[in-house]
Amino acid sequence: MSQDKWDARPRDIAHLMRHTFLVQFVAVCRPSRLVPGLVLLASAAAVLSAALLDLRVPQAHRAVLELQPGGLDALAGLALATAGLVVLARYPRHPLGWLMSAFGGWWGFDGLASSWLVYATLHNPPLPGASAAFYIYHRPGAGLALLLPLVLLLFPAGKLPSGGWRVVSLISLALTSLLPLALLAAPSDIAQVTSGAGAFPAPVRALDLDPLYLPLPDAVWTGVLLVAQICLPLSLLAPFVVVVLRYRTATGIDRTRMRWLLWAAVVDLLVMLAFRLLPSWFGSVGLTVAVILTVGSVAIGIVRPDLVDVDRLIGGTVVYGALLTLTFVLDLLVLGSAGRLLGARLNEGERLVLAVFAVAIVYAQLRHRLWRLVRRRVMGDRDDPYQVMSGLAERLERTDDSEAQLLTLARTVARAFRTRYVGVEITQVNGERLLVEDGERPTETRALPITYRGERIGRLLLPRQAARRNRLSDGDKRLLADLIRQAAAAARAVRLAEELQRSRERIVSAVEDERRRLRRELHDGLGPTLAAVASRIDTARITARRSAEKADPILGLARQELTGMLAEVRRLVHGLRPPALDDVGLVGAIRQQAERLRAPGLTVRVEERGDLTGLPAAVEVAAYRIASEAVTNVVRHASAAECVVSLTRDTEAECLDVVVVDDGVGFAAEAVVAGVGLVSLRERAAELGGSCTVGSAGPSGTRVWARLPLAPSGQVAVLATVSSGEVGYDR
């Protein structure tokens, strides 16, 4: 056999081994799943065994021992083991997963010991293992009190707090451990008396209660147990403070996880208060329910914190808890009042019906209002998106001032999402930014773009910290998107109002400037010249009576002055409208202007597409000015060899496209600056309701594209956009 075959043989064997059932089973049953799985099975067996034992114990014997069914404790252990397995399946090394799994097995075994203790003492003499069950239940069982502070200190990341709080946490855990450690070695009689439970019942006294204990004086053990009992509630202060601090500083997903713990606290409080009103034997049921809900919320908070809307869950829990409390109080009041006022005229059933009727009426009236009140307090107005949008629309209708509309929008967003700061910033036509704020601006903010028909016209500013803390549900995101659309419409209205006002001001200013210029030209130029010509003509007439030869030079000077006057009139007319447009048309006028501007080495071509006759006068002037400005910039800055000016009439869109493309040096994207030339091009196009973009023409060169509507500006809505290659036209 060759060496290659010998080398391949171990690899073949390993390949076969990897596919055997045993190897696959070991790969699946990793320690992070196998051990918690075995604990879960053991806990389930403990629940079943404890339940069977509890069913065989008479209630009278259980009342003598004053012990609740151990199956409930075992059920709490099963819930803990299940939660631990769920956490470890997602995060195999999470300390809380292992902690809940271990305490689940411990709690299940403790419940089974309790059930066996009650069942074994039913017989006389007690069955074997009764003493061991008593020791397990009364001594190590006290260590289950460590679960609560450990969960509070380790949730959600599985780490103790850092810094000085770590030392405080360790001291708190040590104080919590004092009572379980003392009970391990203290005499049972002293521990029972110290707890205030009285003497052990007769069936228990028949057991060996102290297989292990330290023979210290009774006074010493009494003092130690009293101190340990005092330290137990005090030791919980530090874990609760740590939870509060973590909740206040948590951000993003950790904030949501902490809210799951908050929900568990609310539920535990309501459950324990509810079961306190029931007979005493319901106390164990309440504890089991509280444990199941707590470990369930802890597991969900670690593994799937976004499973449901926890904020809505908290609000609903508070509302229904308050309603149940109100129902109970009303029930007591109605029953008491009916019994006091009507006395024997109503039996117990009639009073119960009357109480239910009164509670139903009050419940129906208060439930919806209380629900909205709690949700608004916890979440803001976003729980009712329709109300938010309709309220915003109504307030915007009542507001005429543009800045007041933006402030109304900011306040609506602040109320809807319960944020302390909202800013609405829009970019004005002149490039300046208008910022309207509600609340005090924090150090860090995040910006959401406000776009209108593809054009970014502003930003919505929110606190970055609050945004990280409050995770938005899908419904909240849709509401925020709708509000941003409203912000875009409001901001667009502000910009349109501003543009309209500026346009009016420009029109009035331009008209007055033009009148002032014409007046100055006529008064300072043509007026004196005409007066001089009239004076020369009068002089020539007087001189001609004496000598015709002397009058002729005077008339010649008058003729020269009239010629200069004609040139001045042509200049004034050209300033009002280029004469070439009327003489040779738009294309010919642009060609003449390009020929005058052309530099050595530059070829300028003017192309026309479509029928350019019959264009509105304003469109012709705007196209001529834009093309002239663009060609001027090519000559001055582009260092181009060729420049193409194309005029295209789009009959479908009813507009004229003016495109100027050169093969020059072009512009870098980061060199975008809105210069005077670019603003001039845009303003000329915007005056007619058109648009003008300046961008890259490819590998090199620049492309100016102006679209001028041929219809009235109110019928064509074309927005000005700027491409990524936009440049600062200071040309």
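From a predicted model like this one, the values you see are computed outputs, not experimental measurements.

Analysis parameters
- Residues numbered from 1 in each chain as written.
- Predicted model: local features only at pLDDT ≥ 70, side-chain atom pairs only at ≥ 80, totals over all residues.
- Heavy atoms only, no water.
- Helix = DSSP H or I, 4+ residues; strand = E, 2+ residues; numbered from the N terminus.
- Buried < 20%, exposed > 50% of the residue type's maximum accessible area, 1.4 Å probe, protein only.
- Contact = heavy atoms within 4.5 Å.
- Areas by Shrake-Rupley, 256 points an atom, 1.4 Å probe, with all protein chains shown as cover.
- Expected span 1.5 Å × (residues − 1).
- Axes fitted to C-alpha atoms, helices over the stretch in contact; angles between N-to-C directions.
- Parallel < 35°, antiparallel > 145°, perpendicular 65-115°, else oblique.
- Left-handed = near helix turned anticlockwise from the far one by under 90°.
- Nonpolar A, V, L, I, M, F, W, Y, C, P; charged D, E, K, R; others polar.
- Pairing = 2+ DSSP bridges.
- Salt bridge = Lys/Arg side-chain N within 4 Å of Asp/Glu carboxyl O.
- Phe/Tyr/Trp six-rings, centres within 6.5 Å; stacked < 30°, edge-to-face > 60°.
- Lys NZ or Arg CZ within 6 Å of the ring centre and 35° of its normal.
- Polar contact = N/O pair within 3.5 Å; in protein donor to acceptor, adjacent residues only side chain to side chain.
- pLDDT = per-residue confidence, 0-100.
- Core = buried A, V, L, I, M, F, W, Y, C linked by side-chain atoms within 4.5 Å.

Draft legend 1. How the structure looks around the overall build of the protein. Broken down by element type, the protein carries 26 helices and nine strands. By the burial criterion, 39% of the 731 residues in the protein qualify as buried. By sequence separation, contacts in the protein at least 24 residues apart represent 72% of the contacts at least 6 residues apart. Summing over all exposed atoms, the protein offers an accessible surface of approximately 40200 Å²; the carbon and sulfur share of this is 61%.

Draft legend 2. Region of interest: helix H9 (residues 164-185). Here H9 is 22 residues long and its end C-alpha atoms lie 33 Å apart, about the 32 Å a rise of 1.5 Å per residue gives. Where H9 is buried, its residues contact helix H7 (130-138), helix H8 (147-154), helix H10 (188-194), helix H12 (218-234) and helix H13 (237-249).

Draft legend 3. Looking closely at the packing of helix H24 (residues 585-597) against helix H25 (residues 617-638). As a packed pair, H24 and H25 sit with axes 10 Å apart at the nearest point and diverge in direction by 25 degrees. Judged by the inter-axis angle, H24 sits roughly parallel to H25. Seen along the crossing, H24 lies across H25 with a hand that is right-handed. Note on element contacts: H25 touches H24 through Glu620, Ala623, Tyr624, Ala627, Ser628, Val631, Thr632 and Val635, opposite Leu586, Ala589, Ile590, Gln593, Arg596 and Leu597. Here the residues of the contact of H24 with H25 are counted per class, giving nine nonpolar, three polar and two charged.

Draft legend 4. Local environment of the packing of H9 against H12. Where H9 meets H12, the axes come as close as 7 Å, and the angle between the chain directions of the two elements is 150 degrees. For the crossing formed where H9 meets H12, the hand is left-handed. In this structure, H9 contributes Leu175, Thr176, Leu178, Leu179, Ala182, Leu183 and Ala185 to the contact, and H12 contributes Trp221, Val224, Leu225, Ala228, Gln229, Cys231 and Leu232. Residues that form the contact of H9 with H12 fall into these classes: 12 nonpolar, two polar and no charged.

Draft legend 5. Fine view of H24. Under the 1.5 Å per step criterion, the end-to-end length of H24 is 18 Å for 13 residues, consistent within 8% with the ideal 18 Å. Within H24, burial applies to Leu586, Val587, Gly588, Ala589, Ile590, Gln593 and Ala594. Contacts from the buried residues of H24 go to helix H23 (579-583), strand S5 (603-609), H25, strand S6 (642-650) and strand S7 (655-662).

Draft legend 6. Spatial organisation of the sheet that holds S7. Here five strands make up an open sheet; going across it, the order is S5-S6-S7-S9-S8 and the pairing mixed. Of all strands in the sheet, those bounded by a partner on one side alone are S5 and strand S8 (691-696). Each neighbouring strand pair of the sheet contributes to a mean axis angle of 10 degrees, computed without reference to strand direction. With six bridges connecting them, S8 and strand S9 (residues 702-709) associate as antiparallel partners. Within the sheet, the bridge partner assigned to Gly695 lies in S9 and is Arg703. Contacting S5, S6 and S7, H24 runs over the sheet at an angle of about 175 degrees to S5. Against the sheet, H25 engages S6, S7 and S9, with an angle of about 10 degrees to S7.

Draft legend 7. Expanded view of the pattern of salt bridges. If you walk through the whole model with that rule in mind, you get 13 salt bridges. Of the charged contacts, one joins Asp306 and Arg304 as a salt bridge, the two residues approaching to 3.7 Å between their closest N and O atoms. Notably, a salt bridge pairs Glu642 with Arg605, separated by 3.0 Å at the nearest N-O pair. One end of the pair, Glu642, is in strand S6; the other, Arg605, is in strand S5, and 37 residues separate them in sequence. Given the relative accessible area of 33%, Arg605 is considered partly exposed. Several salt bridges share partner residues, and in doing so they unite Arg605, Glu607, Arg609 and Glu642 into one network.

Draft legend 8. Spotlight on the packing of aromatic side chains. For the coordinates displayed, the defined rule picks out four aromatic pairs. Arranged with centres 5.7 Å apart and planes meeting at 45 degrees, the rings of Trp116 and Tyr119 form a pair that is tilted. A residue pair is termed a helical-turn pair when its members lie 3 or 4 positions apart in one helix, as Trp116 and Tyr119 do in helix H6 (residues 95-120) at three residues. Geometrically, the ring pair formed by Phe134 and Phe200 is edge-to-face, given 5.4 Å between the ring centres and 75 degrees between the ring planes. Here Phe134, found in helix H7, pairs with Phe200, found in the loop between H10 and helix H11 (202-205); they are 66 residues apart in sequence, far enough to count as distant. One cation-aromatic arrangement involves Arg255 over Tyr247; the distance from NZ or CZ to the ring centre is 4.1 Å.

Draft legend 9. Here's a closer look at the side chain of Asp657. Inspection of the secondary structure assignment puts Asp657 in strand S7. Side-chain polar atoms of Asp657 contact the side chain of Arg707, separated by 2.8 Å. For Asp657, the residues in contact, after removing those within four places along its chain, are Ser646, Leu647, Thr648, Trp705, Ala706 and Arg707.

Draft legend 10. Highlighting the confidence of the model for the protein. Mean pLDDT for the protein: 77, with 76% of residues reaching 70 or above. Of all the helices and strands in the protein, helix H2 (residues 21-28) carries the lowest mean pLDDT, 41, while S7 carries the highest, 92. Residue range residues 1-28 is modelled with pLDDT below 50. Its contacts to residues more than four positions away, or to other chains, number six contacts. Contacts from residues 713-731, a stretch scored under 50 in pLDDT, to residues over four places away or in other chains number 62 contacts.

Draft legend 11. Representation of the nonpolar core. Core analysis: the biggest nonpolar cluster contains 39 residues, and Leu586, Ile590, Cys643, Val645, Leu656 and Leu708 have the highest contact counts within it. With 10 residues, the single largest contributor to this core is H25. Setting aside chain neighbours within four positions, we find Ile590 in contact with Val606, Ala623, Tyr624, Ala627, Val645 and Leu647. Ranked by size, the runner-up nonpolar core spans 31 residues in total, among them Val151, Phe155, Leu173 and Val298.

Draft legend 12. Broad picture of the environment of Leu324. Relative to the helices and strands, Leu324 is located in helix H16 (residues 310-341). Given a relative accessible area of 62%, Leu324 falls into the exposed group. With 54 residues separating them in the primary sequence, Leu324 and Leu270 have C-alpha atoms 9.7 Å apart.

Draft legend 13. Up close: unusual backbone geometry. Put simply, Asn124 and Pro125 share a cis peptide bond, and its omega is 0 degrees. Mapped onto the secondary structure, Pro125 falls in the loop between H6 and H7. The residue after Phe155, namely Pro156, is reached through a cis peptide bond having omega 5 degrees. Summarising the element assignment, Pro156 is placed in the loop between H8 and H9. Of note, Glu66 is a non-glycine position whose phi angle comes to about 55 degrees, a positive value. By the secondary structure assignment, Glu66 is in the loop between helix H4 (59-65) and helix H5 (70-90).

Draft legend 14. Seen up close, the environment of Val604. Tracing the backbone through its elements, the reader meets Val604 in strand S5. Judged by relative accessible area, which is 18%, Val604 ranks as buried. Sequence-wise, Val604 and Ala594 are 10 residues apart; in three dimensions their C-alpha atoms are separated by 6.6 Å. Apart from the residues lying within four places of it in its own chain, the contact partners of Val604 are Ala594, Arg598 and Cys643.

Draft legend 15. Local environment of the pairing of strand S1 (residues 422-427). The element S1 is extensively covered by neighbouring structure, given that five of its six residues are classed as buried. Strand direction decides the pairing type here: S1 and strand S2 (residues 433-438), joined by six bridges, are antiparallel. Looking at S2, one finds that Glu425 is bridged to Leu435. Pairing analysis gives four bridges linking S1 to strand S4 (residues 455-463), with the strands arranged antiparallel. Directly across from Glu425, in S4, lies its bridge partner Arg459.

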